[in-house]
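Residue-level structure breakdown
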Amino acid sequence: LIAALLLLLPIPLNATLLLVKRAAPAVTSVVPHIAIMELRSGQSRAVAIAATGAVAVFGAVSIQGAHGDLLKGLENAARNTNAATDIWVSPAGSSNLLMTTPFVPTEQGKLEKLAGVQSVGLYRGGFLDEGARRIWVIAPPADSSPLVPPSQLVEGNVAQADAHVREGGWAVVSQAIVEERHLHIGRPFTLNAPRPTTMRLAAVSTNIGWAPGAIIISAVDFARAWESTEVSAFTVRVSPGNTPAEVGDQIRGALGPHTGLAVQTAAHHEGKLVEIPRQGLPRLSQIATLILIAAILAMAAAMGALIWQRRPRLAKLKLEGFAHIELWQTIVLESFLLVGVGCTTGAIFGLLGQQLLDHALSTVINYPVVSSLGFVGAIVSLALVTAAAVIIVAAPGYFAADVPAALALQD
C-alpha cells in the first residue's frame, strides 16, 4: 500500500494543479498562476514534500482506525462473556479476572435462599496447556442464555452451536486452534484435559480477547474432563424487581468476610475486562500522534528551507512588479496544495490500510474486531497536518517574500 501510494501520488498532484489552472481565470489575482508555475518548475521536490505528509497520514489513519476497531471488538467480547449473569461470585484477587480459580461450591444453597436471587449457576473455567498455547477454557452453566457468545462466531450457526454445547459433548473453538489442529465443524477431536475427552466442533470463534485462544464447553463437560466438582464462580440471576447492586449487597452479607469470595456485578466485571486492553492500546494512539507530529515538523522544515532558497527567484518576481503580499499568498497556496494533496491521498490509502490491519488482527491473530471505516479519524488527521504545516510555513514564507528586489540583480 505504501509503495502504491508513493507511485500514484503524482497523479492526484497533477490533477489538482490542472484543476487550479482551469479555475484560475475566474479569480482576479495572479496568485494561482504563480503558484502553479512554481510548483511545475520544481515538481520532483513537490512530490517529495507531499509524500512525507501522505505516508504520515497513511500510518496514523491505519493505526488509529485499527486500534478503535480492535477495542470495539474486545468490548463486545467482554459484554458477551458477562451476558449470561447479573452477578459474579468468585474467589477474590486481581489474578482471577478470567474466573479460573477453583473452589468448592458449599455456599450455593445459602445464596439460593436469598430473596432477591432467582437462580444460582455453577460456572467452571481454567487453562489448558497444549504445546505453546495456554488455552482459556470457558464452561458456563448449561442453562445460561446465551451459552455461546453470538458476536464471537466466525464460522457456524449460533443457534445450532448453542444447542449443541448445551446438550454436551460439543465445543466452540477459536479459529487459530481450529486451523492448527485441522478441525472441521461436526468432526470429533480430543480435548487434552486431565481426563482426555472426545468432543465435537460446534462452531469456530474468535479468541474472545485471549491471544492464545479459547474453547467453550458446558460446565458439565468441564467437570467430567477435569474430574472435579469444584467450580470457578457462581453466576447469579436477579429476581424481577431487584437490582444487581442491591442483591450484591445481600450476597456479601450472607457470605460474610471469611469465605474468600468476592461479589461483583456483571457490568463491573465487564469494565475490568475492558480496562486492561484500554491501558495497553493507547500506545498505538501515541505512536500515531508522534508520526503526525514528526511529519508536520519534517514538511515544515523542508518547505521552509526550499522557500528560503527561492529568495532570488522571489526577488526576480518582485522586480517584475509583484507585490510582497501576493508573493506571500503564493507561498501559502503552494504549501496548502502540496500538503493538502499529499495528506488527502494518504488518508484515502490509510482507510485501506485500516481494513488490511483489521483483517490481520481477525484472521492471523484471531482477535475479535469490529471492522469499520474511520472517516472521522481520517478527516481529523488530514485537517490537523494540513493546517499545522501551512501555519508553520506561513511565518518564514512571509519573511522570504519580503526579500528586496535588488537581490535579483546579484550574481
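Let me sum up the structure you'll find in this document. Nothing here was measured: the structure is a model prediction, and the numbers come from that model.

Next up on the list: the overall build of the protein. Within the protein, the secondary structure is distributed over 14 helices and ten strands. The C-alpha atoms of the protein give a radius of gyration of 31 Å, which is well past the 22 Å a tight globule of 411 residues would have. Here the C-alpha coordinates of the protein stretch approximately 100 × 45 × 35 Å along the principal axes. Scored against the burial criterion, the 411 residues of the protein give a buried share of 48%. The contacts in the protein between residues at least 6 apart in sequence include a share of 80% that link residues at least 24 apart. Counting only carbon and sulfur atoms, one obtains 62% of the accessible surface of the protein, whose full area is about 19,000 Å².

Before going further, it helps to spend a moment on the side chain of Thr100. Its place among the elements puts Thr100 in the loop between β1 (87–91) and α5 (108–112). For Thr100, a relative accessible area of 17% gives the class buried. With residues near it in sequence (within four places) discarded, Thr100 still touches Gly125, Gly126, Phe127, Trp136 and Ser232.

What follows concerns the packing of aromatic side chains. Across all of its chains, the model carries six aromatic pairs by this definition. With centroids separated by 5.1 Å and ring planes inclined at 85°, the aromatic side chains of Trp88 and Tyr123 adopt a geometry described as edge-to-face. Here the residue Trp88 occupies a position in strand β1, and Tyr123 occupies one in strand β2 (residues 117–130), the gap between them amounting to 35 residues. In this structure, Trp88 and Tyr123 share a single accessibility class: buried. Measuring from centroid to centroid gives 6.0 Å for Tyr398 and Phe399, while their planes differ by 85°, and the two rings are edge-to-face.

On to the pattern of salt bridges, then. In the structure shown here, the tally under the stated rule is nine salt bridges. The shortest N-O distance in the salt bridge between Glu107 and Lys110 comes to 3.2 Å. Using a relative accessible area of 37% as the deciding quantity, one classes Lys110 as partly exposed. Put simply, Arg133 and Glu180 hold a salt bridge, and the shortest N to O gap is 3.1 Å. Of this pair, Arg133 sits in strand β3 (residues 133–139) while Glu180 sits in helix α7 (residues 175–181), and the two are 47 residues apart along the sequence. A residue is classified by how much of its surface remains accessible, and Arg133, at 19% relative accessible area, is buried. Residue classification places Glu180 among the partly exposed residues on the basis of a relative accessible area of 46%.

Before going further, it helps to spend a moment on the nonpolar core. Val57, Met299, Met303, Leu314, Val339 and Val385 are the most contacted members of the largest nonpolar core, which has 39 residues in total. Elements supplying a minimum of two residues to this core: α2 (10–23), α3 (31–41), α4 (43–81), α11 (282–309), α12 (311–319), α13 (324–364) and α14 (375–401). Per-element tally for this core: the top contributor is α13, with nine residues. Setting aside residues up to four positions removed in sequence, Met303 forms contacts with Ile49, Ser335, Val339, Ala389 and Val393. Within the second largest apolar cluster, 25 residues are counted, among which are Ala78, Trp88, Trp136 and Trp170.

Each value, and the rule that gives it
Residues numbered from 1 in each chain as written. Predicted model: local features only at pLDDT ≥ 70, side-chain atom pairs only at ≥ 80, totals over all residues. Heavy atoms only, no water. Helix = DSSP H or I, 4+ residues; strand = E, 2+ residues; numbered from the N terminus. Rg over C-alpha atoms; globule rule 2.2 N^0.38 Å. Buried < 20%, exposed > 50% of the residue type's maximum accessible area, 1.4 Å probe, protein only. Contact = heavy atoms within 4.5 Å. Areas by Shrake-Rupley, 256 points an atom, 1.4 Å probe, with all protein chains shown as cover. Phe/Tyr/Trp six-rings, centres within 6.5 Å; stacked < 30°, edge-to-face > 60°. Salt bridge = Lys/Arg side-chain N within 4 Å of Asp/Glu carboxyl O. Core = buried A, V, L, I, M, F, W, Y, C linked by side-chain atoms within 4.5 Å.

Keep in mind these numbers describe shape, not what the thing actually does.
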